[in-house]
Every structure is written in structure tokens, then in C-alpha cells.
Amino acid sequence: MTGTAMEAAALGRRFGRNGEWALRDCTFRLPAGSVCAIVGPNGAGKSTLLAHAAGLLRPTEGTLTVLGTTPAEARERFAYVAQDKPLYPQLSIAETLRLGSELNPGRWDRAVAERIVADGDLDPHTRVRTLSGGQRTRVALALAFGKRPELLLLDEPMADLDPLARHQLMGALMAEAAEHGTTVVMSSHVIAELEDACDHLLLIGDGHVRLAGPLDALLAAHVLVTGQDGGLDPHTVVESRTTGRQLTALIRPDGPLDDEWQTTEPTLEELVLAHLRSPGAPVLTLTGEDEDWPETWGAAV
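As the structure is a computational prediction, the values presented were derived from the model and not from experiment.

Cut-offs applied
- Residues numbered from 1 in each chain as written.
- Predicted model: local features only at pLDDT ≥ 70, side-chain atom pairs only at ≥ 80, totals over all residues.
- Heavy atoms only, no water.
- 1 Å grid on protein atoms, 1.4 Å probe; cavity = no way out; pocket = protein on both sides within 12 Å on 5 of 7 lines; lining within 4 Å.
- Points joined across faces, edges and corners; volume = space filled by probe spheres on them.
- Helix = DSSP H or I, 4+ residues; strand = E, 2+ residues; numbered from the N terminus.
- Nonpolar A, V, L, I, M, F, W, Y, C, P; charged D, E, K, R; others polar.
- Phe/Tyr/Trp six-rings, centres within 6.5 Å; stacked < 30°, edge-to-face > 60°.
- Lys NZ or Arg CZ within 6 Å of the ring centre and 35° of its normal.
- Pairing = 2+ DSSP bridges.
- Axes fitted to C-alpha atoms, helices over the stretch in contact; angles between N-to-C directions.

Novice: Mind showing me how you'd approach empty space enclosed by the protein here?
Specialist: Here the idea is plain: a probe the size of a water molecule rolls over the atoms and shows the empty space left. Summed over all chains, the structure comprises three cavities of 30 Å³ or more. Considered as a void within the structure, the largest cavity measures approximately 60 Å³ in volume. Of all the elements in the fold, those that place two or more residues in the lining of the largest cavity are α5 (163–180), β7 (183–187) and α6 (191–194). Partitioning the lining of the largest cavity into residue classes produces seven nonpolar, two polar and three charged. In this structure, the second largest cavity encloses a volume near 40 Å³. Lining the second largest cavity, in full, are Phe28, Arg29, Leu30, Cys36, His200, Leu201, Leu202, Ala212 and Gly213. Of all elements in the fold, only β2 (21–31), β8 (200–205) and β9 (208–214) reach the threshold of two or more residues within the lining of the second largest cavity. Here the residues of the lining of the second largest cavity are counted per class, giving six nonpolar, two polar and one charged.

Novice: Help me understand the packing of aromatic side chains, please; the structure alone is not making it clear to me.
Specialist: Each pair of aromatic rings is reported with the distance of its centres and the angle of its planes. On inspection of all chains with the given rule, the structure shows zero aromatic pairs. Seen from the ring of Trp21, Arg24 lies directly overhead, with NZ or CZ sitting 4.0 Å from the centre. Taking NZ or CZ as reference, Lys147 lies 5.8 Å from the ring centre of Phe78, over its face.

Novice: What should I look at first to understand the sheet that holds strand β10 (residues 223–228) in this one?
Specialist: If you trace the four strands from one edge of the open sheet to the other, you get β11-β12-β10-β13, paired in antiparallel fashion. Edge positions in the open sheet fall to β11 (236–243) and β13 (262–264), since each of these has one partner strand only. Within this sheet the neighbouring strands show an average axis-to-axis angle of 20°, counted without direction. Here β10 runs beside strand β12 (residues 246–252); their pairing, made up of six bridges, is antiparallel. Bridge pairing in β12 places Thr226 opposite Thr248.

Novice: Where do I start with the pairing of strand β1 (residues 4–14) in this structure?
Specialist: Every other side chain in a regular strand lies on the same face of the sheet, so the side chains alternate between the two faces. Judged from the seven bridges that link them, β1 and β2 form a sheet pairing that is antiparallel. Of the residues in β2, the one forming a bridge with Leu11 is Cys26. Between β1 and β2, which pair antiparallel in sequence order, lie six residues; one of them, Gly16, sits at a positive phi of approximately 90°. Bridge analysis of β1 against strand β4 (residues 61–66) gives five bridges, and the strand direction is antiparallel.

Treat this as a map of the structure, not an account of what it does.
The following block contains the structure:
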């Protein structure tokens, strides 16, 4: 797929006339066909951003477009799974899927919805109110994929699953997305599991975008260095710590590094945690078409 799945320009949201900003001056672009992880601490604004994308909230300032238009106009083309997985408790699983079919005429993929349910060994006649949290998650994802969306918005989709079920369902989710070219945007606290599943990162802290762009490019723009305690000018230091005379730092290089430094590429977890521990580190957003991204590496905004 080509084009833009989501794009924010100076997006801001404040709850109440004099309330605090949940989001402020958020600017990013997400290409269609990407699998994007939204990460950040509790209260950072992840759920608020997804609620805007789903058309449940309106910005206080700025804009957010979804699939090239407003969330309201794109509603038939995306699916949203909220953190609490709201389903009708009195319905059976089969009745829930039938409701999904009736609400999405012309788009509903019965086979894929039923396959996701069957892979969890769920009895279609079971009432939703008797399901565990993980089973409700599977039914909610079956509804979402049954809609055959171009964009899938997931708010902490695996939070109530045990590690094995989370691994299995993540694999099924990625396989379905890859087969149909679905753009997936999901928030999660399980950073280590996202590295193999996602190709785009959006890091939010205190309502602001801290990092945004293709995951490989963001990782390549940073270097972990270890060496004798000394200066790192003119490089941008995201985080540093000293043990004895040895310094370890995550930096964004501005030119060649001296030979005295040992260097490695950070993992996703190391990158995210360093930025979260250093709220004053310069923002990095990589935007534009794929071929233009390398030209912006290391740019602080």
C-alpha cells in the first residue's frame, strides 16, 4: 500500500477549559501499510491519541487525518479496539459476529472472523459475559479483522493475556495484517515484543511526541557508546551514566566518533527507556517519503 494512514499537525487536546493538556503540539506521519507501536508511560496520551484517530474525540487545536480524510469520513475503513474491549455481554460469540456482519454490509469477512475465534478453541455458543479477559480480546480482534479494515487501531490489545497467548495472538495479528496490507497502530507496554512485530515507532511522553519514524531509521540514528569518562561534543547526548571512570551513553552522532569509544546499536527497549528517563532530550521525528527519511537523521526539533 502507498499513501498516508495517519497524519497529525500540531495536534493538541485539553480536557476542560482550564485543564491540563493531554496532547500538545503532536506532529507525525504514518505511511500506509506500516505496523506502528505507540509507546510511553501511563498517562502519556496514548489512549487519547487513539481515541482521536477513532473519531471519539475532537482536537482542541491542530489536525489529525485518517486515511487521507477526517476520522468521521473514514469510519467504514478502519476498526478500533478500545482498552476495555466493549462487547455486548448478553450475546453469544456467534451472535456477536453476526452483529458485526450486519453492521458492516459489503465488507464483512466471515471466514477470517470465525478463524480467529476457532484458533482460540472458543465455543461460538458461549455468552460473552462468561469469557475471560483474554477470550474477550480474541473476540474483539475477530470483530475488528472481520470488518476487513484498511487501518486497525488497537489500545493495549494484549494487556490481559498470558505470555503464551500474547505471543500466539500477536503472531496471528501480524499474519493477518501482512496478508491484507492492513496498517496497524497499537499501543503497548510490552516493549520487547514490539521489536520483531513493528516497523514504525511513536514515542509519547507528557503528551508530546518524543520520537516518530521508521524503527530501523530511529535505531540507526542512535548509538550506544562506552569508554573513558570524557566529552562527547558535538554529539547529541540522550542519556549518560558514569561508573567509576567509565561512561556509557546513548547519543545521536553528529559526525565520526573517536576510536576510543566502543559502539553498539541500541535495542528498541534501550532506545525507549533512555528517552523516557531523559525528558529533556531533543525530539526526533523522521518524516516524508521513504527515500527522504535518511536526510533527516539526527535532526532535533
